[in-house]
Amino acid sequence: MNLIDTLNWRYAAKRMTSEKVANEKVNEILEAINLTATSAGMQPFRVLSISNPEIKQKLQAASFNPQVSESSHLLVFASYTHVSKEHIDEYMELVAKTRNIPVESLNDFKMKLSGFLSMPEEFVRTWAAKQAYIALGTAIVAAANLKVDSTPMEGFDNAAFDEILGLKERGLQSVVLLALGYRNEEIDPYAKAKKVRIPLDELTITLN
Ligand SMILES: Cc1cc2nc3c(=O)[nH]c(=O)nc-3n(C[C@H](O)[C@H](O)[C@H](O)COP(=O)(O)O)c2cc1C
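To keep things clear, this report deals only with the structure shown in the data block. (Residues numbered from 1 in each chain as written. Predicted model: local features only at pLDDT ≥ 70, side-chain atom pairs only at ≥ 80, totals over all residues.)

## Topic: the site of the ligand
Contacts to the ligand come from Tyr11, Ala12, Lys14, Asn65, Thr151, Pro152, Met153, Glu154, Gly155, Val176 and Lys195. Element by element, the count of residues in the shell around the ligand is highest for strand S3 (residues 149-153), at 3 residues. In terms of residue class, the shell around the ligand is made up of 5 nonpolar, 3 polar and 3 charged. (Near = placed C-beta within 6 Å. Helix = DSSP H or I, 4+ residues; strand = E, 2+ residues; numbered from the N terminus. Nonpolar A, V, L, I, M, F, W, Y, C, P; charged D, E, K, R; others polar.)

So, in structure tokens, the structure goes:
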């Protein structure tokens, strides 16, 4: 299947069968998430991969979507609530080590990044959450490529998720979910519904 056929195949599954997604497939989706583009490469979020049925059941009670408990794996995208000087230092060390360059050669980059990330806390929180959404998009495509169904979800109680998963203690906040599993065609009315999209020439504004 080419990419467009794959994207036509995928849809946001409303009901799932609870069939397990193989670990290799989940790992490939996580690997794709790790390869996503992020602003300055900072990756200011973490992804929780939850297959534990008791935890999913607890989260289900704080969610408006049955896919939370019906999924094989629930991915919780959680972004940093602030970015500290230590985060920036760690990132500089990682760049230097990975590219085998002196960390001092990154001083300009570090100064610009530190300036940007000293913006008001609300700005930084929004910025970090946006990066998690880019990863969400990558994960949706990666799942479809493996013929794994997925549902992106914002319909949940963020504060309750943060509490259940102990995210605050890690400096994180839940922003968006992705249920991974397999569509239940028997009870999901959307499984055979036509995709609704505006025409491409309405979406695209071409300036030649
Ligand atoms: C950020 C985001 C949040 C969403 N939240 C929910 C949700 O809480 N529950 C749900 O059933 N679908 C949710 N969806 C799925 C959309 O309704 C769906 O993607 C849209 O209707 C387009 O249909 P398609 O993805 O099936 O092509 C969400 C999608 C996105 C991208």
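## Let's talk about the nonpolar core
In terms of nonpolar packing, the biggest core is built from 39 residues, with Phe77, Ala139 and Leu180 touching the most fellow members. Secondary-structure elements contributing two or more residues to this core are helix H2 (23-34), strand S2 (73-80), helix H7 (121-145) and strand S4 (172-181). With 10 residues, the top contributor of residues to this core is H7. Not counting residues up to four positions away in its chain, the partners in contact with Ala139 are Ile29, Ala32, Ile33, Leu75 and Leu178. (Core = buried A, V, L, I, M, F, W, Y, C linked by C-beta atoms within 7 Å. Buried ≥ 20, exposed ≤ 12 C-beta atoms within 10 Å, placed from the backbone. Contact = placed C-beta atoms within 7 Å.)

## Description of the sheet that holds strand S1 (residues 45-50)
Strand-to-strand pairing in sheets goes through backbone hydrogen bonds, with the strands running parallel or antiparallel. Spatial ordering of the open sheet is given by S1-S2-S4-S3, a layout of 4 strands whose pairing is antiparallel. Of all the strands in the sheet, just S1 and S3 have a single pairing partner and so form its edges. Strand after strand, the sheet turns through a mean of 25° between neighbouring axes, direction not considered. Note that S2 and S4 share 8 bridges and pair antiparallel. Within S4, the residue paired with His73 across the bridge is Leu180. Sitting on the sheet, helix H8 (residues 158-165) touches S1, S2 and S4, and the angle it makes with S4 is about 90°. (Pairing = 2+ DSSP bridges. Axes fitted to C-alpha atoms, helices over the stretch in contact; angles between N-to-C directions.)

## With respect to the pairing of S3
In terms of burial, S3 is largely enclosed, as 4 of its 5 residues are buried. Here S3 runs beside S4; their pairing, made up of 5 bridges, is antiparallel. Among the inter-strand pairings, Thr151 is bridged to a residue of S4, identified as Ala179.

## Some thoughts on the environment of Asn184
Mapped onto the secondary structure, Asn184 falls in the loop between S4 and helix H9 (200-203). Sequence-distant contacts of Asn184, defined by excluding residues within four places in its chain, comprise Arg15, Met16 and Thr17.

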